[in-house]
Structures are given as structure tokens and as C-alpha cells.
Amino acid sequence: FESNLKLLRDGGARPPYESINLAKDGRRIPLSASLFPIYDAEGKVTGGAVIMRDITERKRAESERAQLAAIVETSSDAIFSRLLEGTILSWNASAERLYGYTAAEAIGRDLKLVPPDRRQEIADIRDLIRQGKLVPNHETVRVTKDGRRIDISHSASPLKDDSGNFIGM
């Protein structure tokens, strides 16, 4: 508070920052706040304007996303996401161990993990995903970085964009 008061007295503004305030009932409320000086006709600072936004919901959503990301990253299952045309968007540590590609090698690329004799399978999976359907667990074969064929248990869930369109799995 004191540093904000000094900033205002000196005619400075403060861009959005996060703070915790107390509600009348004692609850802690996370806020995004901005601070601007108010000047009189002679250009002297006579007060300040503060804009505060309750960011409780945003903080809750960030926490949930962080928890989910931690679960995915530490899972013993290979978990990755890819667009329908094949570009990989995310790649966890277990995917690195299973397939042999690091996340840096995988993300942004279309790795050829499906052997040629299984191409129809991936086409069928993409058709289900385009319809928003889950692909149930099934056993199949994939190819590692070093060219080995491995037996895996595979499932896929639809991935939507912000508009609700199915864009990947």
C-alpha cells in the first residue's frame, strides 16, 4: 500500500498486478489491480484511481490446469495430443520413454508412429474423433524412433478448439 501511495504522489501509474485483499467477512480474495494518478487543472496529483478485478475463478482454473498437467506429466502412460492432420501438440515423459523421441523432437512434427500396415486403423480413428467419439481401448502396434515395432494398448479422446470444433486427439 505504501509503495503504491508513493508512486501515486510521484505521478506514476502501476500496470495490472496481482494482489490479495480481505473481504468484510475475512475471506481472502485474489485481485488484479491497476493504479492511475488523478491530476487537477494545474497538473498536481490530487488522488488516484484504482481498478480491481476479482480473479478468483481464473486462479481456480489455473490451479486445476496445473494439477492436470502434473498428472499427465508424471503418468506412467504415454500421453500426447495431436491435431487430426498429425502434428503433435504435447508429449509427456512416458511417451519419450516408450517411443524414444524427446518432447523437443516430437512437438510440432508429424511422427510416423503408425506402421504402414496399420494406416487404415488411424484413418478410422480420425473419423471417430471428427465425430466427437471416444476411441475405446484396443491393442495395436506402433513404431519407435529406432524403427522397432511395439505392441501397445491405445485409446483416444477428441480434442476441441475454443469454438468447440474437433481438431485432434
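Above this text you will find the structure in question.
Colleague: Just checking my understanding: could you explain the overall build of the protein chain for this structure?
Modeller: Tallying secondary structure elements over the protein chain gives five helices and nine strands in all. Overall, the protein chain shows an N-to-C arrangement of helices and strands of α-β-β-β-α-β-β-α-α-α-β-β-β-β. Relative to the compact-globule value of 15 Å for 169 residues, the protein chain shows a C-alpha radius of gyration of 25 Å, a clear excess of over 25%. With the principal axes as the frame, the protein chain shows a C-alpha extent of 80 × 35 × 30 Å. Counting only residues that meet the buried cut, the protein chain has 31% of its 169 residues in that class. Within the protein chain, residue pairs in contact and separated by at least 24 positions form 34% of the contacts whose partners lie at least 6 positions apart. Of the accessible surface of the protein chain, which amounts to about 11200 Å², a share of 54% is contributed by carbon and sulfur atoms. Of the side-chain charges in the protein chain, 26 are positive and 25 negative, and the distance between the mean point of each set is 1 Å.

Colleague: Before we go on, may I ask you to explain the pairing of strand β2 (residues 28–39) in this structure?
Modeller: The side chains of a regular strand alternate, residue by residue, between the two faces of the sheet. Strand direction decides the pairing type here: strand β1 (residues 14–22) and β2, joined by seven bridges, are antiparallel. Directly across from Arg-14, in β2, lies its bridge partner Leu-35. Once β1 ends, the chain turns through five residues before running back antiparallel as β2, passing Gly-26 with a positive phi of about 95°. Direction of pairing for β2 relative to strand β3 (residues 45–54): antiparallel, over a ladder of nine bridges. By the bridge assignment for β3, Pro-37 is matched with Gly-48. Two successive antiparallel strands, β2 and β3, enclose a turn made up of five residues, where Gly-43 displays a positive phi of approximately 90°.

Colleague: I'm lost on the nonpolar core in this one. Help?
Modeller: As a rule of thumb, nonpolar side chains are buried together in soluble globular proteins. Counting residues in hydrophobic clusters, the biggest one holds eleven residues: Ile-88, Trp-91, Ala-95, Tyr-99, Tyr-101, Ala-103, Ala-106, Leu-111, Leu-113, Ile-150 and Ile-152. Elements supplying a minimum of two residues to this core: β5 (88–91), α3 (93–99), α4 (103–106) and β7 (149–156). Excluding residues that lie within four positions of it along the chain, Leu-113 makes contacts with Phe-80, Arg-82, Trp-91, Tyr-99, Tyr-101, Arg-142 and Val-143. Among the nonpolar cores identified, the runner-up in size contains eight residues, and Ile-122, Ile-129, Ala-156 and Met-169 belong to it.

Reading the values: the criteria
Here the residue numbers are simple positions, counted from 1 along each chain's written sequence. In view of the model being predicted, local features appear only for residues whose pLDDT reaches at least 70, and side-chain atom pairs are presented and counted only at 80 or more, with totals across whole chains, interfaces and linings using the full set of residues. For side-chain calculations, the full set of non-hydrogen atoms in the structure is used, while hydrogens and water are omitted. Helix and strand assignments come from DSSP, with helices taken as H or I runs of at least 4 residues and strands as E runs of at least 2, each series counted from the N terminus. Computation of the radius of gyration draws on C-alpha atoms, with the globule rule given as 2.2 Å multiplied by the number of residues to the power 0.38. Here's how the labels work: a residue is buried when its accessible area is under 20% of the maximum for its type, exposed when over 50%, partly exposed in between, all with a 1.4 Å probe on protein chains only. Any two residues whose heavy atoms approach within 4.5 Å at even a single point are treated as in contact. In these tables, accessible area is a Shrake-Rupley quantity obtained with a 1.4 Å probe, and a residue counts as shielded only by the protein chains included in the view. Charged residues are defined here as Lys and Arg on the positive side and Asp and Glu on the negative side; His and the ends of the chain fall outside this count. Taken as the charge centre is NZ of Lys, CZ of Arg, CG of Asp or CD of Glu, depending on the residue. Strand pairing is assigned whenever DSSP identifies at least 2 bridges connecting the two strands. To qualify as a nonpolar core, a set must consist of buried Ala, Val, Leu, Ile, Met, Phe, Trp, Tyr and Cys residues joined through side-chain atoms within 4.5 Å.

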